[in-house]
Amino acid sequence: MSRAAKVIRPELQAMHAYPVADATGLVKLDLMESPYGLPPELAAEIGRIVAGLSLNRYPVPTAQRLRALIREVMQVPAGCDVLLGNGSDECIQYVTATIAREGAVVMAPVPSFAMFSMHAFFFRVRFCGVPLRDDFSLDSRAFLDAMAREQPSLVWIAYPNNPTGNAFAQADIERIVRAAPGLVVIDEAYQPFAGATFMPRLAQFENMVVMRTVSKIGMAGLRLGYVCGRPEWIEAFNKARSPFNINVVTEAVAIKLLENKSVLDAQAARVLAERERMRPELERLPGLTVYPSVANFFLVRVAGPQGAGTRVFESLKSQGVLVKDFSAGHPQLQECLRLTVGTPEENRILLNAMREALQ
Ligand code: PMP
């Protein structure tokens, strides 16, 4: 046995790294990125800003300016603080680290975002997934029962949910927050496309925090996510944070882009309009079930025997379109593909390729 095989956690050896497909040369509709780049003047200004940075210096670890700007632009309620992460992926790591006591349980509806259970695994806390109904709505009775039984320290609710695209009923989420024995994180990664938010409710619920990301509104490459909540939570998460986790380029560029948020908002509005235009077009395709979405993507299910979803995925890829295949994942997602909404031209290509793939 090699030394590596001897010391690496056996359950980690059995795992695969988070899969990200090579999108070279393909229409990239797999990861819910914004399809739009920056206007040239803004891009040039960012170039000048980056050129002026002191790359030889560590970042200011508190990232005061960026945090203050997020508070203002994202309307974080007074009295709440902000934790920054290298993507909200990293925020999930910090939050999980904070509650990872012996015997702690993390709970979330399933299927949902994979990182909730992955970080539970990394920190050796038990993950308890509560199945969504077949239409992907939240079974709040089952969730409340599971909470009463398992007493989770941490509950994740993605609002809207990934990969299903729907937003659970607000009243159900409220019930969960009230009944939870520990912390509930509302993950609002797709909030810009859904409108609804729990952000103003932070003042009301002492055991709730709201997590967001700028990845879906045009800054996925920067890697910036954040958690907003009462100082008692944020101070604790901050203790688990790598001191210089937000690099100077991310901080400076994010400040510039958030100061010009109207540009990003206009891009998000175009994506939203495209989503509404796409929906009936997708619904018209025979052999495809389209699930309701308030996010910047659609979950669809291909009719047919096992393997039908992957066959369509491969056909789309051979026609130059990359989407995400969930066929081999959670049992409730068999034959399901997730389609990110792109530009009108990309969506036209997707629809044509899908028509061909479903023949
Ligand atoms: N939460 C949800 C629900 C997501 O779907 C994603 C990304 N797919 C993330 C968090 C992480 O996003 P990021 O790390 O880019 O901020």
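Asker: So, the packing of aromatic side chains: which residues are in play, and what are the values?
Answerer: Tallied over the full model, the rule gives eight aromatic pairs. Taking the centre distance of 6.4 Å and the plane angle of 25° together, the rings of Trp233 and Phe237 count as stacked. Here Phe237 and Trp233 lie together in helix H10 (residues 231–239), a separation of four residues that amounts to about one turn. The exposure classification of Trp233 matches that of Phe237, with both residues buried. A network of ring pairs unites the aromatic residues Phe113, Phe116 and Trp156 as a single cluster. Its end group placed over the ring of Phe121, Arg9 keeps NZ or CZ at 4.7 Å from the ring centre. Over the aromatic face of Tyr36 sits the side chain of Arg270, whose NZ or CZ is 4.1 Å from the ring centroid.

Asker: Can you lay out the pattern of salt bridges for me, pointing to particular residues and giving the numbers?
Answerer: Under the defined criterion, the tally for this structure stands at 24 salt bridges. With its nearest N and O atoms 3.0 Å apart, the salt bridge here joins Glu33 to Lys28. Arg149 is paired through a salt bridge with Glu150; the nearest N and O atoms lie 3.7 Å apart. Residue Arg149 is classed as exposed on the basis of its relative accessible area of 57%. If you follow the salt bridges from partner to partner, you end up with Glu274, Arg277, Glu281 and Arg355 in one network.

Asker: Explain the domain arrangement of the chain to me, using residue names and the numbers behind them.
Answerer: In terms of domains, the chain is made up of domain 1 (3–30 + 263–357) and domain 2 (56–259). In this structure, domain 1 and domain 2 have C-alpha centres spaced 24 Å apart. Residue-level contacts link 24 residues of domain 1 with 30 residues of domain 2. Between domain 1 and domain 2, a total of about 2,200 Å² is buried, with carbon and sulfur atoms accounting for 67% of that surface.

Asker: Before we move on, could you go through the side chain of Gln191 and cite the residues and values that matter?
Answerer: Here Gln191 lies in helix H9 (residues 191–194). Discounting chain neighbours no more than four positions away, the residues touching Gln191 are Pro160, Ala196, Thr197 and Arg212.

Asker: Talk me through the pairing of strand S8 (residues 225–229); I want residue IDs and the actual numbers.
Answerer: Of all five residues in S8, five are buried, a share of seventy percent or more. Where burial is concerned, the two faces of S8 agree: the one with Gly225, Val227 and Gly229 and the one with Tyr226 and Cys228 are both buried. Across five bridges, strand S2 (residues 81–85) lies against S8 in antiparallel orientation. Residue pairing across strands places Asp81 opposite Gly229, the latter belonging to S8. Across four bridges, strand S7 (residues 208–213) lies against S8 in antiparallel orientation.

Asker: Explain the sheet that holds strand S12 (residues 324–325) to me, using residue names and the numbers behind them.
Answerer: Taken in spatial order, the four strands line up as S9-S10-S13-S12 in an open sheet, and their pairing is antiparallel. Strands with a single pairing partner mark the edges of an open sheet, and in this sheet they are strand S9 (288–290) and S12. The pairing of S12 with strand S13 (residues 336–340) spans two bridges and is classified as antiparallel. Along S13, the bridge assignment pairs Asp325 with Leu337. Along the sheet face, helix H12 (residues 261–283) touches S9, strand S10 (297–302) and S13 and points at about 5° away from the line of S10.

Asker: Account for the site of the ligand, naming residues and giving values.
Answerer: Lining the immediate surroundings of the ligand are Gly87, Ser88, Asp89, Phe113, Asn162, Asp187, Ala189, Tyr190, Thr213, Ser215, Lys216 and Arg223. Asp187 places a side-chain nitrogen or oxygen 2.5 Å from a nitrogen atom of the ligand. Tyr190 places a side-chain nitrogen or oxygen 2.6 Å from an oxygen atom of the ligand. Taking 400 Å² as the accessible area of the ligand by itself, protein coverage stands at 93%. For the shell around the ligand, a count of residues per class yields three nonpolar, five polar and four charged.

Cut-offs used in this document
- The residue count restarts for each chain, going from 1 along the sequence in the order it is written.
- Per-residue local features are limited, in this predicted model, to residues with pLDDT of at least 70; the limit for side-chain atom pairs, both in listing and counting, is 80 or more; totals at the level of whole chains, interfaces and linings are taken over all residues.
- Side-chain figures throughout are based on the complete set of non-hydrogen atoms in the structure, without hydrogens or water.
- Aromatic contacts are taken between Phe, Tyr and Trp rings whose centres are within 6.5 Å, Trp giving its six-membered ring; a plane angle under 30 degrees counts as stacked, one over 60 as edge-to-face, and the others as tilted.
- Counting from the N terminus, the helices are the DSSP runs of H or I reaching at least four residues and the strands are the DSSP runs of E reaching at least two.
- Only protein chains enter the accessibility calculation, which uses a 1.4 Å probe; a residue is then buried when its area is under 20% of its type maximum, exposed when over 50%, and partly exposed in between.
- Whether a charge sits over a ring comes down to the Lys NZ or Arg CZ being within 6 Å of the ring centre and within 35 degrees of the ring normal.
- Any Lys or Arg side-chain nitrogen found within 4 Å of a carboxyl oxygen on Asp or Glu counts as a salt bridge.
- Per the annotation, domain bounds derive from an automatic or database assignment of domains.
- Here a residue-residue contact requires only that any non-hydrogen atoms of the pair lie within 4.5 Å.
- Summed over both partners, the accessible area lost on bringing two parts together, with a 1.4 Å probe, is the buried area.
- In short, DSSP must find at least two bridges between two strands for them to pair.
- Orientation is described by axes fitted as lines to C-alpha atoms, over the contacting stretch for helices, and by angles from 0 to 180 degrees between their N-to-C directions.
- We define proximity as follows: a residue is near a molecule or strand when any one of its heavy atoms falls within 4 Å of that partner.
- Between N or O atoms, a polar contact is any pair within 3.5 Å; within protein, one atom must be a potential hydrogen donor and the other a potential acceptor, and residues adjacent in sequence are included only when both atoms are from side chains.
- Every accessible area reported is derived by Shrake-Rupley at a probe size of 1.4 Å, with residue values counting cover from the shown protein chains alone.
- Following the grouping adopted for this structure description, the nonpolar residues are Ala, Val, Leu, Ile, Met, Phe, Trp, Tyr, Cys and Pro, the charged ones are Asp, Glu, Lys and Arg, and the polar ones are all others, Gly among them.

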